[in-house]
Amino acid sequence: MKKRTLLAVVSLLSVAALTFGGCMPQKTNQATDVTKDGKIRVSVGNWPPDNDTARIETFNKYIEKMNEKYPEIEIVKDTWSYDVSTFLPKAASGSLPIVFQTYFTECNKIIDAKYAKDITKQVQEWGYDKKINPQLLKLVQRDEKIYGIPSSAYVLGLACNVALYKEAGLVDSEGIPLFPETYDEMLQNAITIKEKTGKAGFFLPTTNNMGGWQFVAIARGFGAEFVEQKDGKWKAIFNSPECAEALQFIKDLKWKYNVLQDDVLCSVDEFYKLYGNNQVAMGIMQGALHSLPVRLYNMKHENASMTSMVGGKAGRYALLGGTVNIISPNATDAQVDGAIKWLEITGVTPEVTEQTEESWKIKFEEQKASNRIIYDFDFNIWDNEDWKTRRREVIKPYVNVNEKLFDRYTDYSSIELRSEPEANAQDLYAILDSALQTVLTEKDADVEKVLAQAAENFQKNYLDKIN
Amino acid sequence: MLNISKIKKAPVRKVFNKILNEVSMWILLLPAVLALIIVMWGPITQVIGFSFCKLQNYVPVEWVGFKNYKDVFTDPLFFVTLKNSFLYVFWSLVIGFIPPVILAVMLNEMMHFKTGFRLLLYIPVIAPSVAAALIWYFMFLPSSSGVLNMFLNFFGASNFAWLQNSAFTIPLIIVTMTWKGTGSSVIIYLASLQSVNQDLYEMTAIEGAGVTRRFWHVTLPHLKTLLLLNLIRQIINIFQIMQQPMILTDGGPNNASLSINLHSYLLAFRDFQPEKSLALNVVVFIILMIVTAFYFIVQRKLEND
């Protein structure tokens, strides 16, 4: 008995020591911010892996330029790139690179979890706060503080597979697809393509919050809104006839017209596969991501095309997205400054100098060598028209697609750009994913009931907690 | 004359000698005890402690009492995933518990090709879990390119939705797990069956007992403890299922296959709510502790019987 008692006491003490040890504030990598020879060490995430020689070459060129212009900074390579499953352990252990890229859609939760450094002071010193496109600046701001610098932005559009459009006879005399303007036209095209080719007309993801994200863009075209703030309190307002009409439209794509992909429980990655292999005609995506079906599934450049988001009775709405640079919360002020200098060298700067143009050229050369689609897909991240004009001039000799296949996508005159719903966007997308799964797997699902349940769930479990 | 100092020193020396004698035992025990503390008890107590706190960078910054538990119990997905996890257990017992016993008995009775069958049964066990799940993913594809639908099409039937039909999702996931796990259970049962005293079989055969009676009166009593152990192990393992629904359905359709552990994983890593995830894990821990306690009670009863 005594032995047992002693063993128990020893064990308990050890457990307690471990537990309290775990509660102690963890040491960060602050101590390694300066090298032995006094240089400021800046680790950079998203570094290409060893087998990606084209990108490695590009990054090495950036390092050369960095050493010339800012010799006081030492760039440390970090191949880690943002990934939902690895971010939290990396952040919690204090080992995030000083600067890393993520998506605008992830920004809010990273800022809420306090894994992004407040860089307002440095951004103001560089004058970027007045030069970043205000719509994008809002996405990286919280309580007037700035937590990121956008590096690229895009608008969601409708990708159309030219091979299937041709096979279905939906092209003009020049072989350009007869792009739909409305959801009705999109449906008609999808029906024709299904009839003539036997391939799916439209793709909709339903997992990893991607379905919810795309549904928000679609439903806004039908006049639906998702959240509103009244007297300082958030309210879920998507249990509405407009949203029900949008969800019914999606349900009909599956059960009435049978034009969706067969596997309706899949992520957007499946779209790149089907689209790249000419198995689906249309899907919502951002233009720059055309590099994925080309790289992964050898999609021919001439089979890719894009138009802007189509419209419903309430108009044409597109969501803004893109990538943003976040600075690790452990970075010192000097490291934040070093990170902004690195971004400047890579072309993320509102000032178009010879050096900026040189950085762009390095990137386009790399894309050319990797046989990627080169076209100016990006939405201007800077509030500076000259930047866009100069960039178009630089990219022109590199463009390797028929511009008529993409120019409607980059013409933003007929669409209204909207950002994500203002409160708990990711949670909303997850709930909408489930709603989409229900109507796409249950033929008799009652759209209004599904929406009512989703709205109640979102209100009770998310909005009421922040009200 | 009575030596008082000797009387007083005797018990002290006795204790000292006892400790000296047991030093080797303590040294031998130390690595195992340390390992248990570092990799099991430490993290478990840490998780319990942290589940009552608000975390910042995984460091507790505020004591919030039962708030995280309240969040867990008011989350409608908690009861959905709890029900799903019990459904996984139920279907695993219906589909996966009996076949290994039957296969082991059959193998034990076999005269020829015993090794070959054993090998065939064991092959799925060595397939990596993710690869196995992907094989089944392609089997269950709802399009005409899905292997099972190819069979249906061959016989003139139309495509079936398989995993996308919420009524079938959990049983089908269990089928994939049974396919993978049966081999190892069969080997364990077979090892036990081979230790059955053959005289008992001969005796019952002389007394005219057929295969069924021999199974009920000799084989089953012999396997009783092992069956109970496997039953509890299966309940504990299946209750914590995560990998398979994650790969095959991502918890869908409409959370029909979302298990409690997958929900916990998504809370921690996708939604950045580690506190809620930890509280949920403590609830799972308590449920499994109750199952384990029940196992020990039944085991003791069986041993006494």
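Our subject is the structure listed above.
Described in the following lines is the structure provided in the data block. (Residues numbered from 1 in each chain as written. Chains lettered and ligands numbered in written order. Predicted model: local features only at pLDDT ≥ 70, side-chain atom pairs only at ≥ 80, totals over all residues. Heavy atoms only, no water.)

### Some remarks on the packing of aromatic side chains
Per the counting criterion, the structure on display carries 49 aromatic pairs over all chains. With 5.9 Å between their ring centres and 40° between their planes, phenylalanine 140 of chain B and tryptophan 162 of chain B make a pair best called tilted. In this pair, phenylalanine 140 of chain B is assigned in the loop between α5 (129-139) and α6 (147-154) and tryptophan 162 of chain B in the loop between α6 and α7 (169-193), connecting sequence segments 22 residues apart. The class of phenylalanine 140 of chain B is buried, set by a relative accessible area of 3%. One aromatic cluster is present, built from ring pairs that chain together Trp80, Tyr82, Phe87, Phe100 and Tyr115 of chain A together with Phe272 of chain B. For lysine 109 of chain A, the ring lying beneath its charged end belongs to phenylalanine 272 of chain B, and the centroid distance is 4.8 Å. (Phe/Tyr/Trp six-rings, centres within 6.5 Å; stacked < 30°, edge-to-face > 60°. Helix = DSSP H or I, 4+ residues; strand = E, 2+ residues; numbered from the N terminus. Buried < 20%, exposed > 50% of the residue type's maximum accessible area, 1.4 Å probe, protein only. Lys NZ or Arg CZ within 6 Å of the ring centre and 35° of its normal.)

### Some words on the environment of leucine 170 of chain A
Residue and element names in this part refer to chain A. In this fold, leucine 170 is placed in the loop between α7 (162-167) and α8 (183-197). Residue class for leucine 170 comes out buried when judged on its relative accessible area of 11%. The spacing of leucine 170 and asparagine 189 is 19 residues in sequence and 7.6 Å in space, taken between C-alpha atoms. Once you skip the residues sitting within four places of it in the chain, leucine 170 turns out to touch Tyr165, Ile176, Pro177, Leu178, Asn189, Thr192 and Ile193. (Contact = heavy atoms within 4.5 Å.)

### Observations concerning the side chain of serine 92 of chain B
All names here are of chain B. Residue placement: serine 92 occurs in helix α3 (residues 76-109). On the basis of relative accessibility, which here comes to 3%, the residue serine 92 falls in the buried class. Sequence-distant contacts of serine 92, that is, excluding residues within four places in its chain, are made with Phe97, Ile174, Gln234 and Ile238.

### Observations regarding the pairing of strand β6 (residues 148-161) of chain A
All names here are of chain A. Burial runs high along β6: 14 of the 14 residues are buried. Looking at chain direction, β6 and strand β12 (residues 317-327) are connected through seven bridges and run antiparallel. Counted as the bridge partner of valine 155 is leucine 320 from β12. With five bridges joining them, β6 and strand β11 (residues 304-308) adopt antiparallel strand pairing. Residue pairing across strands places glycine 157 opposite serine 308, the latter belonging to β11. (Pairing = 2+ DSSP bridges.)

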